Amino acid sequence: MLPLKDGDKAIVHKLLSSGCCARCVLRFCCVSVQAAYRKPPQETLEELRAFISDPENGKSRQSAADPAAGNGESHDAAGSDPPGEPPVKRVKLEPVEPGAPAGGDVSAAVKVEEEKEEEAASGVCVACLGILQELSGPAQAVKIAEKVKEGEYEFDTLVLSVSLPAQLCVREHSCWLHVKKESREKSAALGKDDVIPVKEAFKWIMQGLVAKELGGVAVVIRSLFEVSVEFTHPETEADCHFLATTCAGCFKPTKNKQSVFTRMAVVKALEKISDAVFLKHYTFPPPRPSSCCVPRDVQCLHASVFVAGRYNKFCRSLPQTPWVIDGERRMESSVEELIAAPVLSSFRAAGFNFSSSGREDVDVRTLGNGRPFAMELLNPHRSKLSKEEMKQLQETINKSSDKIRVRDLQIVSREAMGRMKEGEEAKTKSYTALVWTQKAIQSQDIAFIDAIKDLTLDQKTPLRVLHRRALAVRQRVVHRMNTRYLDPHHFHLELKTQAGTYIKEFVHGDFGRTKPNMSELLKMDTDILELDVESVDVDWPPSIPE
Ligand code: ZN
């Protein structure tokens, strides 16, 4: 038994004869029993027909049609229907009325009516454009499941999402306005929100079928794994066009969209347009399409997975990220590419975003415990690796190149990634620089440098980064320095500084843009020949015992 009320009869009748499919009729009758949509549509159609022709319900039909009780006939007589209204309606109500004269004319009318309904029921639905007809069923579920299997994703649950052509909203609006009129005449107010959306009905039908095809996986409302089904219907795209003149403000061209008639814009326009204006421009029933919607490729998308660790860089000719100038590559590889290649293949991800706690220049090595980094892996087909597998992955990275080394490799949450950037400026970093001096180094020079504590520098944006950074003066602190004498013109300078200090500029002075600088302090020209990062003092990600 369908959960319908007597008052729904006129609506059912009207929609069926207008070319709505059985499931759309349920939607407009606000049937929210999911099982009703899962029945074969032919069965539902037969039940609907039995429902409207059931003489048991004749009384309520009569009272509905009685002008005194419900003003039932007036809508046909008043001529308020738009030009598209089929003229058969008045005829169709009459034959089933008790006490109506039984005669040849009436049974002929019944026959015509039945034929019309038969024809209406067999074509493509004017409301859902076929989506709730053959596009919702076992065959479609097999197609969706095949696509998911093809991707070889690993997942526990999935969420099914549906994208519908925008003109469906226009058609829905037209049907709703007429159903609303019908229900108002029965003194029951029907809100647009009460109508079950096509999307919802589609999911009710398909979720179970898709789950079954995938061996019983849970299809849920929220999941990291999303399977999207998109439908288009080129034949009826022009349905929306009148809205561009009636609600011009709603349709602004946007860069990335092919058409201004996006679903959002159409929904907005339909909220604004008055019923009278809508009915002037759009018919009921909506024009019958000759074909049903075209299902586009099923898209599978797994939410990003985040991986973090620390890297060492042992090479003075390796940039952190691909170095491209004027479209041409300057170095054959980069830190992020060396790390990313094995990670992407382990997680079978489509792409990545790399970030790190600061960065070093191409000619600077990063030693010690390394620099914290994190990677967002886009659309990973695998999302869970055991600790053992992560360890193996780390080994694979480390064996793939002697230019870098990775430690503490682990899966982290998106939120935890934020900790890497937290309070970055307050952190300290340690460096070793190889310094050249113009004059021979004296022992008092060394002692003087070693005695300096918490020296505040004023650093103007260095010349070498001025093309990508705004000109500013930043104060940074050199907490302490320690020298190791090499020969009269060379020494190693160990520094512990505030993060973000430009070390090269502190040593050579950057034409006086960093003050004070090593050249000033030693009262002779100095330059930096080599630089190593010895430690980045960020306690994230947590270290993993080897
Ligand atoms: Zn339909």
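My aim in this report is to walk through the structure given alongside it, one point at a time. What you see is a predicted model, and the numbers here were worked out from it, not measured in a lab.

The rules behind the values
- Residues numbered from 1 in each chain as written.
- Predicted model: local features only at pLDDT ≥ 70, side-chain atom pairs only at ≥ 80, totals over all residues.
- Heavy atoms only, no water.
- Helix = DSSP H or I, 4+ residues; strand = E, 2+ residues; numbered from the N terminus.
- Buried < 20%, exposed > 50% of the residue type's maximum accessible area, 1.4 Å probe, protein only.
- Contact = heavy atoms within 4.5 Å.
- Areas by Shrake-Rupley, 256 points an atom, 1.4 Å probe, with all protein chains shown as cover.
- Core = buried A, V, L, I, M, F, W, Y, C linked by side-chain atoms within 4.5 Å.
- Domains from an automatic or database assignment.
- Axes fitted to C-alpha atoms, helices over the stretch in contact; angles between N-to-C directions.
- Parallel < 35°, antiparallel > 145°, perpendicular 65-115°, else oblique.
- Left-handed = near helix turned anticlockwise from the far one by under 90°.
- Phe/Tyr/Trp six-rings, centres within 6.5 Å; stacked < 30°, edge-to-face > 60°.
- Patch = residues over 30% accessible without salt bridge, like charges linked within 9 Å, V, L, I, M, F, W, Y side chains within 5 Å.
- Salt bridge = Lys/Arg side-chain N within 4 Å of Asp/Glu carboxyl O.
- Donors = N, O, S within 2.8 Å, 3.2 Å for Na, K, Ca; no water.
- Lys, Arg positive; Asp, Glu negative; His and termini not counted.
- Polar contact = N/O pair within 3.5 Å; in protein donor to acceptor, adjacent residues only side chain to side chain.
- Pairing = 2+ DSSP bridges.
- Expected span 1.5 Å × (residues − 1).
- Bend = angle between axes of the 7 residues up to and from the residue.
- Disulfide = S-S within 2.5 Å.
- Nonpolar A, V, L, I, M, F, W, Y, C, P; charged D, E, K, R; others polar.

1. A closer look at the overall build of the protein chain
- Broken down by element type, the protein chain carries 21 helices and 17 strands.
- Taking all 546 residues of the protein chain together, the buried fraction comes to 49%.
- Within the protein chain, counting contacts between residues at least 6 apart in sequence, those at least 24 apart form 78% of the total.
- Split by element, the accessible area of the protein chain, about 26900 Å² in all, is 53% carbon and sulfur.

2. Some remarks on the nonpolar core
- Counting 82 residues, the largest nonpolar core has Ile131, Leu132, Leu243 and Val266 as its most contacted members.
- Per-element tally for this core: the top contributor is helix H12 (residues 198-213), with eight residues.
- Counting residues domain by domain, this core receives three or more from each of domain 1 (6-122) and domain 2 (138-300).
- Discounting residues that sit within four places of it in the chain, leucine 132 has contacts with Cys21, Arg23, Cys24, Arg27, Val198, Ala201, Phe202 and Ile205.
- Within the second largest apolar cluster, 35 residues are counted, among which are Phe306, Leu455, Val538 and Trp540.

3. Observations regarding the packing of helix H1 (residues 9-18) against helix H4 (residues 41-53)
- With their axes 10 Å apart at the nearest point, H1 and H4 run at an angle of 130 degrees to one another. In terms of orientation, H1 and H4 fall into the oblique class. The crossing of H1 and H4 is left-handed. Contacts from Lys9, Val12, His13 and Leu16 in H1 reach Leu45, Leu48, Arg49, Phe51 and Ile52 in H4.

4. As for the packing of aromatic side chains
- In total, this model carries ten aromatic pairs according to the counting rule given.
- Here phenylalanine 242 and phenylalanine 278 contribute two aromatic rings whose centre-to-centre distance is 5.7 Å and whose plane-to-plane angle is 70 degrees, an arrangement assigned as edge-to-face. Here phenylalanine 242, found in the loop between strand S3 (225-232) and helix H13 (243-246), pairs with phenylalanine 278, found in helix H15 (residues 275-281); they are 36 residues apart in sequence, far enough to count as distant.
- Considering the side-chain rings of phenylalanine 242 and tyrosine 282, the 5.9 Å spacing of their centres and the 25 degrees angle between planes classify their relative orientation as stacked.

5. Describing a nonpolar patch on the surface
- There is a patch of nonpolar side chains on the surface, built from Leu463, Leu466, Leu471 and Phe511 and spanning about 460 Å² of accessible area.
- Among the structural elements, leucine 466 can be located in the loop between strand S13 (453-460) and strand S14 (473-487).

6. Describing the coordination of the zinc ion
- On the protein side, the zinc ion has Cys21 (SG), Cys24 (SG), Cys125 (SG) and Cys128 (SG) as donor atoms, found 2.2 to 2.3 Å from it.
- Judged by its relative accessible area of 7%, cysteine 21 falls in the buried class.
- Of the residues examined, cysteine 128 reaches a relative accessible area of 0% and is grouped as buried.

7. Some thoughts on the environment of lysine 181
- Within the secondary structure, lysine 181 is located in helix H11 (residues 167-185).
- Take lysine 181: its relative accessible area is 19%, and that puts it in the buried class.
- Residues lysine 181 and isoleucine 11, 170 residues apart in the sequence, show an inter-C-alpha distance of 9.6 Å.

8. Observations regarding the side chain of lysine 9
- Following the sequence through the fold, lysine 9 ends up in helix H1.
- Comment: no salt bridge for buried lysine 9; closest opposite-charge side chain is aspartate 6, at 4.7 Å.
- Looking at lysine 9, its side chain comes within polar contact range of the main-chain oxygen of phenylalanine 51, at 3.1 Å.

9. Examining the environment of aspartate 450
- Mapped onto the fold, aspartate 450 is located in helix H19 (residues 443-451).
- Take aspartate 450: its relative accessible area is 24%, and that puts it in the partly exposed class.
- Each C-alpha atom, one on aspartate 450 and one on leucine 495, is 9.9 Å from the other, the two residues being 45 residues apart in sequence.
- Those residues in contact with aspartate 450 that sit more than four places away from it in its chain are Met481, Asn482 and Thr483.

10. A look at the pairing of strand S12 (residues 428-437)
- Across the ten residues of S12, nine count as buried, placing the element largely inside the fold.
- The pairing of S12 with strand S15 (residues 490-498) spans nine bridges and is antiparallel. Note on S15: the bridge partner recorded for serine 430 is lysine 496.
- As defined by bridge partners, S12 adjoins strand S17 (residues 526-536) across nine bridges and the pair is classed as antiparallel.

11. Structural notes on the side chain of glutamine 167
- Within the secondary structure layout, glutamine 167 lies in helix H11.
- Reaching out from glutamine 167, the side chain makes a polar contact with the backbone oxygen of histidine 233 at a distance of 2.7 Å.
- Beyond its immediate sequence surroundings of up to four residues, glutamine 167 is in contact with Leu129, His233, Thr236, Glu237, Asp239 and Cys240.

12. Here we look at helix H16 (residues 335-347)
- If you check H16, its first and last C-alpha atoms are 19 Å apart, about what 13 residues at 1.5 Å a residue would give, namely 18 Å.
- Alanine 341 marks the point of greatest bend in H16, at about 30 degrees, and the proline proline 342 comes within the next four residues.
- Where H16 is buried, its residues touch strand S6 (305-313), strand S9 (351-356), strand S10 (365-378), helix H17 (387-400) and strand S11 (404-412).
- A positive phi of about 45 degrees marks arginine 348, the residue just after H16.

13. With respect to the state of the cysteines
- One pass over the full model with this rule turns up zero disulfides.
- Cysteine cysteine 169 shares no disulfide, and the gap to the nearest cysteine sulfur, in cysteine 240, comes to 7.5 Å.
- Cysteine 247 carries a free sulfur, and the closest cysteine sulfur to it, the one in cysteine 250, is 5.1 Å from it.
- For cysteine 247, a relative accessible area of 8% corresponds to the buried category.

14. What about the packing of helix H10 (residues 138-150) against H12?
- Across the interface, H10 lies against H12 with an axial gap of 8 Å and an inter-helix angle of 50 degrees. Between H10 and H12, the crossing angle belongs to the class labelled oblique. For the pair H10 and H12, the crossing hand works out as right-handed. For the pair H10 and H12, the contacting residues are Pro138, Gln140, Ala141, Val142, Ile144, Ala145 and Lys149 in the first and Met206, Leu209, Val210 and Glu213 in the second.
- Of the residues belonging to the contact of H10 with H12, the class tally is eight nonpolar, one polar and two charged.

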